[in-house]
Amino acid sequence: MLDRSVTARDQTYSAAGLDVVETVRDLSSRQLAPIVRKIDGEGHYPEAVIRAFGRAGAFARHLPGETLGGPDLVTAIRAMAAAGEYCLSTSFCMWCQNALAWYIFASDNQGLKASLGRRVAAGEALGGTALSNPMKTFFGIEQIRLKGKRVDGGYAVRGALPYVSNLGSDHYFGAVFEAEDAPKRYVMAIVPCASEGVALSGNTKFVALDGTRTFSVQLRDAVIPDSCVLADPSDAFIKRIRAGFVLLQAGMGIGLVRGCIALMLGVKGPLGHVNKYLDVQPEHLTGKLATLEAEVERLAATPFESDQAYWRAVLETRLAVGEAALTAAQAAMLHCGARGYVASAAAQRRLRESYFVAIVTPAIKQLKKMLADMTH
Ligand SMILES: Cc1cc2nc3c(=O)[nH]c(=O)nc-3n(C[C@H](O)[C@H](O)[C@H](O)COP(=O)(O)OP(=O)(O)OC[C@H]3O[C@@H](n4cnc5c(N)ncnc54)[C@H](O)[C@@H]3O)c2cc1C
């Protein structure tokens, strides 16, 4: 199994990808690290850093049809992990941006790829994804919240979504609505936030991830033109993009775990003599992380694989990432002790952030349900 993972990684991982990750790593240490507390405490949206990542190519290499040798999800994941070592809000905004670009370039909508798609890939246009509700709908957890009526040249869409991140008045997001004309079906499209009938409101204060520009979105017969449709009907398209959607999230978790390991190592000098009695040690997490990264990258090498065993492995790996994030953040807190408990400490921030890896769709509970359903 190890041999196969190395081969798959080597195929997709090139010098160009390495450059992207190194640039993101450098930008993160110089431009992101100094503002992490402002992001966390004041809900500052790290727009300048996200755009700089875009200019560095962080949102471009995983796109179908754009990279020699196939979509390079490994670079996207490593870049998100590099930022996530410092800040989960930023890493999540990168995932939102990556997911938006992923949908556009996986579609057959050539016009959208050539226009908005290019700008999203370069970080010039920003946005996200409203797929939590449909992802829960498709797996029997909740009802679809957006409905669309066929009108001349497009669909009039109405409904509300509680949380969509990485948004702004000139941003875009991918969404799924149920078409009400026959036959009943789901349609996937890009919604420009600037469209008439689209309203963003954002009063919710979260325990973490407040710097992600997360809004409630209301659509009141917003007309989504056919030129913004990604797939109609969308069932096959969603099956095609879902593994990439889930695997890309691993970058957030990997970065967070690495950040937690660094915190633990940082207190080894003053506190190692007593921390050594704790059950979870940085070496345990480092070993676990290496195995997890190898598996993520093996799976990320073939994001369009369609067999059920592959999908199951993706879900199991995503579950392991969520659980590793919780374990690592808790361990970092225990290792840092009172130093980690002060309001400005990184350890308590990482602990709050870690729960997001566990609850963002697909949440740990959804993953467990999906895996349980597969065995019946
Ligand atoms: C900071 C943040 C950013 C997010 N960004 C996105 C995004 O970009 N795109 C996206 O699609 N989803 C986003 N989500 C939603 C996220 O992916 C999950 O869907 C969400 O965390 C709940 O998932 P769950 O499976 O635990 O569902 P549960 O929390 O168990 O149940 C979800 C249900 O509870 C309802 N609900 C939500 N909030 C409340 C509340 N305050 N009071 C009562 N009921 C509530 C929802 O409407 C939904 O029907 C975001 C969530 C958070 C916290």
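One can find the structure itself at the top, above this paragraph.
Keep in mind that what you see is a predicted model, and the values were worked out from it rather than measured. (Residues numbered from 1 in each chain as written. Predicted model: local features only at pLDDT ≥ 70, side-chain atom pairs only at ≥ 80, totals over all residues. Heavy atoms only, no water.)

Asker: Explain the site of the ligand residue by residue, including any values.
Answerer: Taken together, 20 residues lie near the ligand, and Thr129, Ser132, Arg145, Ser165 and Lys365 sit nearest. One of the side-chain N or O atoms of Thr361 is found 2.9 Å from an oxygen atom in the ligand. Alone, the ligand offers 970 Å² of accessible surface; in the complex the protein occludes 67% of this. Contributing elements (two or more residues each) for the shell around the ligand: helix H8 (132–138), strand E3 (154–164) and helix H15 (346–359). (Near = heavy atom within 4 Å. Polar contact = N/O pair within 3.5 Å; in protein donor to acceptor, adjacent residues only side chain to side chain. Areas by Shrake-Rupley, 256 points an atom, 1.4 Å probe, with all protein chains shown as cover. Helix = DSSP H or I, 4+ residues; strand = E, 2+ residues; numbered from the N terminus.)

Asker: Please give an account of the packing of helix H6 (residues 88–106) against helix H10 (residues 250–266) that cites residues and values.
Answerer: Taken N-terminus to C-terminus, the directions of H6 and H10 make an angle of 160°; their axes are 9 Å apart at the nearest point. If you check the angle between H6 and H10, you find them roughly antiparallel. The two elements H6 and H10 cross, and the hand of that crossing is right-handed. Each of Leu88, Ser91 and Phe92 in H6 lies in contact with H10, whose residues at this interface are Gly251, Met252 and Leu256. Residue composition of the contact of H6 with H10, by class: 4 nonpolar, 2 polar and no charged. (Axes fitted to C-alpha atoms, helices over the stretch in contact; angles between N-to-C directions. Parallel < 35°, antiparallel > 145°, perpendicular 65-115°, else oblique. Left-handed = near helix turned anticlockwise from the far one by under 90°. Contact = heavy atoms within 4.5 Å. Nonpolar A, V, L, I, M, F, W, Y, C, P; charged D, E, K, R; others polar.)

Asker: Can you explain the nonpolar core? Please cite residues and give values.
Answerer: In this structure, Phe53, Met94, Tyr103, Ile104 and Met188 are the most contacted members of the largest nonpolar core, which totals 98 residues. Top contributing element to this core by residue count: H6, with 14 residues. Those residues within four positions of Tyr103 in sequence are excluded, and the remaining contacts are Thr129, Leu131, Gly174, Met188, Leu230, Phe237, Ile241 and Phe245. Membership of the second largest hydrophobic core comes to 22 residues, among which are Val157, Ala189, Ile224 and Val229. (Core = buried A, V, L, I, M, F, W, Y, C linked by side-chain atoms within 4.5 Å. Buried < 20%, exposed > 50% of the residue type's maximum accessible area, 1.4 Å probe, protein only.)

Asker: Mind laying out H6, listing which residues take part and the relevant values?
Answerer: In a regular helix each residue adds 1.5 Å, so 19 residues correspond to 27 Å; H6 covers 26 Å between its end C-alpha atoms and thus fits that length. H6 sits mainly inside the fold: 19 of its 19 residues count as buried. (Expected span 1.5 Å × (residues − 1).)

Asker: Hey, could you go over the pairing of strand E4 (residues 172–179) for me, with residue numbers and the actual values?
Answerer: Across the 8 residues that make up E4, a large majority, 8, are buried. Direction of pairing for strand E2 (residues 146–151) relative to E4: parallel, over a ladder of 2 bridges. Within the sheet, the bridge partner assigned to Gly148 lies in E4 and is Ala179. The sheet contact formed by E4 and strand E5 (residues 185–192) spans 8 bridges and is antiparallel. Within the sheet, the bridge partner assigned to Tyr172 lies in E5 and is Pro192. (Pairing = 2+ DSSP bridges.)

Asker: Could you give an account of the environment of His62, with specific residues and numbers?
Answerer: Among the secondary structure elements, His62 is positioned in the loop between helix H4 (47–55) and helix H5 (73–84). Placed 218 residues apart in sequence, His62 and Val280 show a C-alpha to C-alpha distance of 34 Å. Residues in contact with His62, not counting those within four places in the same chain, are Pro71, Asp72, Leu73, Ala76, Asn98, Ala101, Trp102 and Leu248. At 2.8 Å, the side chain of His62 forms a polar contact with the backbone oxygen of Asn98.

Asker: Describe unusual backbone geometry, with residues and values.
Answerer: With an omega of -10°, the peptide bond running from Ala182 to Pro183 counts as cis. Within the secondary structure layout, Pro183 lies in the loop between E4 and E5. Note the cis peptide between Asp232 and Pro233, where omega equals 5°. Mapping Pro233 onto the fold places it in the loop between strand E8 (229–231) and helix H9 (235–248). Despite not being glycine, Leu209 has its phi angle at roughly 60°, a positive value. Mapping Leu209 onto the fold places it in the loop between strand E6 (198–201) and strand E7 (215–225). For Arg213, which is not a glycine, the phi torsion comes out positive at approximately 50°. Relative to the assigned elements, Arg213 resides in the loop between E6 and E7.

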